[in-house]
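The lines below spell out each chain.
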Amino acid sequence: MNTSYTPLFTPETDAHLSVPTLEQAITGARKVLAEKAQANIHDQDAMIRAAYGLHYALYDLLAAIDAERGEGQ
């Protein structure tokens, strides 16, 4: 992929090394959501960090759900 930006996620390099349990993923998602809710919407860096943190919380949550169901990523 030839782009002029860096994506949040690259499957070739950002694959899960370990998948959290569903309870760990839920707890982590709630923690990140609470943290990022306090971010300053007028601060570009804060919004980038929020997007990054929320992306990985959702990624972990879906991986945990897939693992619990016996499905692959």
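Residues numbered from 1 in each chain as written. Predicted model: local features only at pLDDT ≥ 70, side-chain atom pairs only at ≥ 80, totals over all residues. Heavy atoms only, no water.

**Re the overall build of the chain**
Next up, step 1: Assigned secondary structure in the chain consists of two helices and zero strands.
Next up, step 2: Within the chain, the fraction of its 73 residues that count as buried is 18%.
Next up, step 3: Contacts in the chain between residues far apart in sequence, at least 24 positions, make up 65% of those at least 6 positions apart. (Helix = DSSP H or I, 4+ residues; strand = E, 2+ residues; numbered from the N terminus. Buried < 20%, exposed > 50% of the residue type's maximum accessible area, 1.4 Å probe, protein only. Contact = heavy atoms within 4.5 Å.)

**Regarding the packing of helix H1 (residues 22-36) against helix H2 (residues 44-69)**
Next up, step 1: Where H1 meets H2, the axes come as close as 9 Å, and the angle between the chain directions of the two elements is 165°. One way to sum up the angle between H1 and H2 is to call them roughly antiparallel. Once H1 is placed against H2, the crossing between them reads as left-handed. Of the residues in H2, those touching H1 at Leu22, Ala25, Ile26, Ala29, Val32, Leu33 and Lys36 are Arg49, Ala50, Gly53, Leu54, Ala57, Asp60, Leu61, Ala64, Ile65 and Glu68.
Next up, step 2: Considered class by class, the residues forming the contact of H1 with H2 number twelve nonpolar, one polar and four charged. (Axes fitted to C-alpha atoms, helices over the stretch in contact; angles between N-to-C directions. Parallel < 35°, antiparallel > 145°, perpendicular 65-115°, else oblique. Left-handed = near helix turned anticlockwise from the far one by under 90°. Nonpolar A, V, L, I, M, F, W, Y, C, P; charged D, E, K, R; others polar.)

**Quick notes on the packing of aromatic side chains**
Next up, step 1: Taken as a whole and judged by the stated rule, the model has two aromatic pairs.
Next up, step 2: Here the aromatic rings of Tyr56 and Tyr59 are separated by 6.1 Å at their centres, their planes lie at 85°, and the arrangement is edge-to-face. Here Tyr56 pairs with Tyr59, and both are found in helix H2, just three residues apart, close to one helical turn.
Next up, step 3: Judged by its relative accessible area of 18%, Tyr59 falls in the buried class.
Next up, step 4: Put simply, the rings of Tyr52, Tyr56 and Tyr59 touch in pairs and so form one group of aromatic residues. (Phe/Tyr/Trp six-rings, centres within 6.5 Å; stacked < 30°, edge-to-face > 60°.)

**A word on H2**
Next up, step 1: End to end, H2 covers 37 Å across 26 residues, agreeing with the expected 38 Å (1.5 Å per residue, within 8%).
Next up, step 2: Residues of H2 that are buried: Ala46, Ala50, Gly53, Ala57, Tyr59, Ala63, Ala64 and Asp66.
Next up, step 3: Close packing links the buried residues of H2 with H1.
Next up, step 4: Positive backbone phi, at 80°, marks Gly70, one or two positions downstream of H2. (Expected span 1.5 Å × (residues − 1).)

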